[in-house]
Amino acid sequence: MKLKDFLLASAAVAVLAAPAAAQIDPVIGKWWNVKKTAHIEIAPCGDSVCGNIVWMQEPNNADGTPKRDVNNDDETLRDRTIQGLQIIGGFEKEAPGVWDDGEIYNPEDGNTYSSNMAIQENGNLAVEGCVLFLCREQVWEPVKE
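Residues numbered from 1 in each chain as written. Predicted model: local features only at pLDDT ≥ 70, side-chain atom pairs only at ≥ 80, totals over all residues. Heavy atoms only, no water.

1. What about the confidence of the model for the chain?
Low-pLDDT stretches of the model should not have their predicted coordinates read in fine detail. When pLDDT is averaged across the chain, the result is 88; 84% of the residues are at 70 or more. Contacts for the low-pLDDT stretch residues 3–22, under 50 throughout, to residues beyond four places or in other chains number 1 contact. (pLDDT = per-residue confidence, 0-100. Contact = heavy atoms within 4.5 Å.)

2. Digging into the pattern of salt bridges
According to the stated counting rule, one finds 6 salt bridges in the structure shown. E108 is paired through a salt bridge with K35; the nearest N and O atoms lie 3.0 Å apart. In this pair, E108 is assigned in the loop between β6 (98–106) and β7 (111–119) and K35 in the loop between β1 (29–32) and β2 (38–45), connecting sequence segments 73 residues apart. Its salt-bridge partner being E58, residue K67 comes within 4.0 Å of it at the nearest N-O pair. For K67, a relative accessible area of 26% gives the class partly exposed. (Salt bridge = Lys/Arg side-chain N within 4 Å of Asp/Glu carboxyl O. Helix = DSSP H or I, 4+ residues; strand = E, 2+ residues; numbered from the N terminus. Buried < 20%, exposed > 50% of the residue type's maximum accessible area, 1.4 Å probe, protein only.)

So, in C-alpha cells, the structure goes:
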C-alpha cells in the first residue's frame, strides 16, 4: 500500500470512529458511592442510562448469605440480592454529563427518589435524590481501575 493510500484509509477510519467516541457520555463508568462501600456502574440503557451495584465491600451477611433487599416496600422484591441490583434509571439527557427526571433507589431504606445527576468540573458525579421539593445531593467519585 502506498503512503497516500494508507493516509487516506487512516483518515477514513478516524472519521468513522469519531461519532462513536463523541457519544460516550461522561456519566458512563463505575462510581464509588458516598460511603465508599459500593461501586455503581452506570451504562447506556435504551435512550437513558441505568446504574447497577456491581461491587460491595460487604456483600454478605454475618452468616455468609448474600445481603438482600429486605427494606423494599414491595414484599415480592425483598429476596433480590443487593449486589447486582439496578438502583438508577429512567433519566432524560439534558446535555452531555447532565441527566434529569430519573429515579434512584436506596436499598438502605427501601425508597425510590426522583433524581438528577451531573458531572462536576472536577470529574466527580453529583447525584441528587428528591422527595417533593426536598433534595439531598451526594458526590460520587470515579472508580480508578
